[in-house]
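Close look at the chain arrangement
One-letter residues, chain by chain:
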Amino acid sequence: MTPEHVLMSWLDPVLFAATALGTLAGIWIGAIPGLSVTMAVSILVSFTFAWPLEPALALMAGVFTGGVYGGSRSAILLNIPGGPAAIATALDGYPMAQRGEAGAAIGLTTLASFLGGLIGVAALALGAPAIAEVAILFAPRDYLLLAVLGLLLVGSLSGESLAKGLFAAGLGVTLGLVGLDPMTAEPRFTYGSVELLGGIPYIAAMIGFFGVAEALSQLRLPDAEPIRQRIGRIVPPCATLLRHLPLALRSSGIGVVIGALPGTGGDIAALMAYDHARRSTRAPAHPFGSGAEEGVIAPEAANNAAVGGAYVPMLTLGIPGDAVTAVLIGALFVHGLKPGPMLMIETPHLFWFTVGNLLLANLALLAFGLAGARAFARIAEVPRAVLVPLILVLCVVGTFAIRNSLTDVWWMLGFGITGYGLRLYGFQPGPIILGMILGPLMDASWRRTVIAAGDDVLAAAIEAAGSTISLILVAAIVLIVLRSFSRGKGPA
Amino acid sequence: MLTRRTLGALAAAALARPALAQPWPPRDLTGIIMWGAGGATDVVARALTPHVEAALGAKIVLQNRPGGVGAIATQAVHAAPADGLTLLYGAENPQLHKVLGLAQIDYADFFPVNVIARGVGVIVANTSKPWTSLKALVDDITANPGRVRMGATGPGGLPHVIGAMLNAVTPVRVIAVPFDGEGPGLTALQGGHVDFMPVGVAAAAEHIRAGRVKPIAVVNPEPVPTLPEVAPVTADFPGFARYLPWGPFYGVWVKRDTPAPVRARLVEAFRTGAANPAFVELMARNGNILMNISGDEADAFLKRWQSVTSWLLQEAGAARRSPEEFGIPRP
Amino acid sequence: MAERSVRPGERLLAVLLLAAAAVVVAEGWRLDGLASPSASGAFPLLAGAVMAGSAAAIALAPRFAADALPMLPARVAAVMALLVVFAAAMPLVGFHLAAFAFLAITIRVLRGHGTLRAALIAALAVGAVHVVFRLAFTVLLPEGTLWR
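Residues numbered from 1 in each chain as written. Chains lettered and ligands numbered in written order. Predicted model: local features only at pLDDT ≥ 70, side-chain atom pairs only at ≥ 80, totals over all residues.

**Notes on the overall build of chain B**
If you tally the helices and strands in chain B, you get 12 helices and 11 strands. In summary, chain B has a C-alpha radius of gyration of 22 Å against a globular reference of 20 Å for 331 residues, a match within 12%. In terms of overall dimensions, chain B has a C-alpha envelope of 85 × 45 × 30 Å along the principal axes. The buried share of chain B, reckoned over its 331 residues, is 57%. Taking the intrachain contacts of chain B between residues at least 6 apart in sequence as the baseline, contacts between residues at least 24 apart amount to 73%. (Helix = DSSP H or I, 4+ residues; strand = E, 2+ residues; numbered from the N terminus. Rg over C-alpha atoms; globule rule 2.2 N^0.38 Å. Buried ≥ 20, exposed ≤ 12 C-beta atoms within 10 Å, placed from the backbone. Contact = placed C-beta atoms within 7 Å.)

**Details of the nonpolar core**
By size, the foremost hydrophobic cluster in this structure holds 349 residues, and its most contacted members are V41(A), M60(A), A205(A), V393(A), V122(B) and V124(B). For this core, the element with the most residues is helix 7 (residues 102–135) of chain A, which contributes 18 residues. Ignoring sequence-local partners within four residues, the contact set of V41(A) consists of M60(A), V63(A), F64(A), V324(A), V327(A) and L328(A). (Core = buried A, V, L, I, M, F, W, Y, C linked by C-beta atoms within 7 Å.)

**Notes on the interface of chain B and chain A**
Tallying the contact residues gives 42 residues for chain B and 41 residues for chain A. The set of elements that each furnish at least two residues to the side of chain B that touches chain A consists of helix 2 (40–56), strand 2 (60–64), helix 3 (71–79), strand 7 (175–178), helix 7 (182–190) and helix 8 (201–209) of chain B. Tallying contributions element by element places helix 2 of chain B first for the side of chain B that touches chain A, with 6 residues. Residue classes in the side of chain B that touches chain A are distributed as 18 nonpolar, 15 polar and 9 charged. (Nonpolar A, V, L, I, M, F, W, Y, C, P; charged D, E, K, R; others polar.)

**Here's the deal with the sheet that holds strand 1 (residues 29–33) of chain B**
Within a beta sheet, neighbouring strands are joined by backbone hydrogen bonds and run either parallel or antiparallel to one another. Residues and elements named next belong to chain B. Taken in spatial order, the 6 strands of this open sheet run 2-1-3-10-4-11, and their pairing is mixed. Edge positions in the open sheet fall to strand 2 and strand 11 (289–293), since each of these has one partner strand only. Across the sheet, the axes of successive neighbouring strands diverge by a mean angle of 20 degrees, strand direction being ignored. Here strand 4 (residues 110–118) pairs with strand 10 (residues 249–255) via 7 bridges, running antiparallel. Note on strand 10: the bridge partner recorded for F111 is V254. Where helix 3 meets the sheet, its contacts fall on strand 1, strand 3 (86–91) and strand 10, and the angle it forms with strand 3 comes to roughly 155 degrees. Sheet contacts for helix 10 (residues 260–274): strand 4, strand 10 and strand 11; angle to strand 4, the most-contacted strand, approximately 5 degrees. (Pairing = 2+ DSSP bridges. Axes fitted to C-alpha atoms, helices over the stretch in contact; angles between N-to-C directions.)

**Observations regarding the interface of chain A and chain C**
Contact with chain A, which involves 48 residues of that partner, is made by 51 residues of chain C. No other element matches helix 18 (residues 384–403) of chain A, which puts 10 residues into the side of chain A that touches chain C. Here the side of chain A that touches chain C is built from residues that sort into 33 nonpolar, 6 polar and 9 charged.

**Structural notes on the domain arrangement of chain B**
All names here are of chain B. On domain assignment, one finds that chain B holds domain 1 (25–118 + 248–326) and domain 2 (121–243). Centre-to-centre separation of domain 1 and domain 2, based on C-alpha positions: 26 Å. Opposite the 17 residues of domain 1 that make contact, domain 2 presents 17 residues. Top contributing element to the side of domain 1 that touches domain 2 by residue count: helix 12 (residues 295–315), with 5 residues. The residue inventory of the side of domain 1 that touches domain 2, partitioned by class, reads 10 nonpolar, 6 polar and 1 charged. (Domains from an automatic or database assignment.)

**A look at the pairing of strand 5 (residues 121–126) of chain B**
Residue and element names in this part refer to chain B. Within strand 5, 6 of the 6 residues are buried, which leaves the element mostly enclosed by the surrounding structure. Here strand 5 runs beside strand 8 (residues 196–200); their pairing, made up of 5 bridges, is antiparallel. Pairing of G121 across the sheet is with G200, part of strand 8. Alignment of strand 5 against strand 9 (residues 213–219), held across 6 bridges, turns out to be antiparallel. Bridge pairing links I123 to A217 in strand 9.

What follows is the structure, given as structure tokens:
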């Protein structure tokens, strides 16, 4: 171990400033729907082209850490997740803000993110090579099983009617499959449109179904005083923290593993942790979906733990753990390094530099997160007549920014108006987005599994029976389904 | 007063001005990258562009517009005005869009500002496999039909095309399992979920150097500098020779009817940028072969590539529409 | 739970949902969803089947707890219309002007503030968007074809 490299970004004022500024910028970028961390980091690759490597990496690590956390801000205050990793946070964070507890919700998410981030860094520092070796053992069938595990969440997200939740999930899967089939290059649901060959970005659907539909639904309510926020206490009391600590730790564990898997990232980690919180919490103070503290802690701990997790295969094997680390690998390359399995052997200082850097970014997150919480919470007090138009413009420009497409803006508006209508009839947006995220993963993983077994489902099943990872995942699915049945709630 | 007529006259005057009377470019350029952030095309584009900006004296704003194996970006640049202000940063894919039935636009509709570099393929295998040569691999596939799995990246991708060459040169048929890209495919290869995979040297070099995957043969008539010890495919199977050299490539295009002075300005800026020593070194380190060609020379290269690959796919039964329909000549 | 009532158009909605499911199933069929377990159409067919099944379930038991508020109050309809006009005008007059007009008019219509204050907020918001999206993120916001 080389402590001077761990401390490098702490002692060098330029690196320190780059990390801190990156984290602060990341929080804002993350909070704005449509501006993604991936986008920010790829712009930074060009921007920091002429810089030395370390400040460039420090800035990017800060943006990554802050950005994943920042998504929770808009999820809590506006019910618009700033990014896909914050979808689960909106489910209970927004109801908390509606109760006047936006400040407390931000405080909890900040601490949960910080803790998750620390555990992610710890896993990276202590177990990176071992975790990476396990991660690459996940076969396509295991990704399929993970997606099925994630899909069990439909039950929790459906609201009152499971039938409506299932319909919404099916619709989401369909929307996710629009475009060129990645395996056969056959166009699906494109009906001759070239624009549709690239599919419908699920961020556009997320902004439409959550952002626009929510903003319009707010106008439907009779004029009311904006909710006064109790912002006296941002940092939750010690007893609360201790009570939620086990859940935050388990969620962080989920985050590290899902983040380290090369085929999944923070979005799926957060959703799975939310599902876990729902199933494992007995008697929450507020029911899930109407502002349970557990419902914001679990996803936020998981998505920030997934940051450290995503660095694991990137730094040890040169394999990206998610979309952001894929861009980071490109950045290393542009800066004259050879990202790959030899990176850690030939330039071990880079590994320890990153560990120290991420640690610092998490501290910056804690400081900026808590410091800015009060001001942010005030956003929920802006009168609707001003806030709603502003949100709508942000939704439009955010969607346009995803890939400079006006067509995407029309899709987003269509989803928003449809979503408004569907809400009136008791449909929830959650399962649609869940279907869009998990559908393509399931489709591709299922087909890879079956193709590899010579188009023989039975042969694929026999192969799965010989794999420890697959058996564990199957056991988890069976257990969850059985337990929900025994509670008489129906599947999931 | 500004009437419609005066406005029209102003517009006409603006248009009538000789194209380069003023310094060109008049504003920032837009560069549309046809693959996502972090991909090989993206990395080449982002590494090259700062050098070009210096030569051009203007900024190029880069945007990723992935999707439809490049068809979306190609279509978008094709729809933009032919003023040279919208650049297409692409790879080889559009040259196959016609035969794969994806789109009617290919590089014949664009002017090659620069074909930057080309890559070479290498066949790699999981380290637990006994194969030491391509012949051993082919013998094993023949002896155990349906048991050996090849990693791929979808139709028209490098593994698919090299797989088609393998089918054409040897009698074997393999099971191709498509992944989302070369990176995910190499990951699956290391996890043992597929047994071998043809990939670009750029993607595999570091994994080979670390001993995590085993090189079987390079898809080139002779060994390549990055992997001097690896035998060429032609050593075991001389039949490959008629397709080679073959590989993916990266380049920059503008619409074909862009005014000649603008084309010349861009060609010059990109030629200077791609010759920057830092960039040259970057390409070499990554196992790419720098080309830095433009105009007629690039057109000839693109035509040959399209002809070889389209007919190969046609013979392998992988083309949806015959190259003949589009007047693509046989190699 | 609140009293269960049927919203107007609930059965019609179920029919629409079934129709949507049918479109999905048709695409799955076109893609040979049953030809092989790994066909392009396998998942579309599966998704379509799930949609059809749940749409049928919704059609059979359409009741749920609905609130008594009007479904589409005038101001929601007005904002929807303004939003569509905004998106349609954006490529013509450019993002900045379209967004400014949309914000100023919508804030005014919703009686947030007086005309001057609404215009001021709109201008500040458009300026902020310009700085973040155009300058920092180099997103090429539509500039408007009318001014070309």
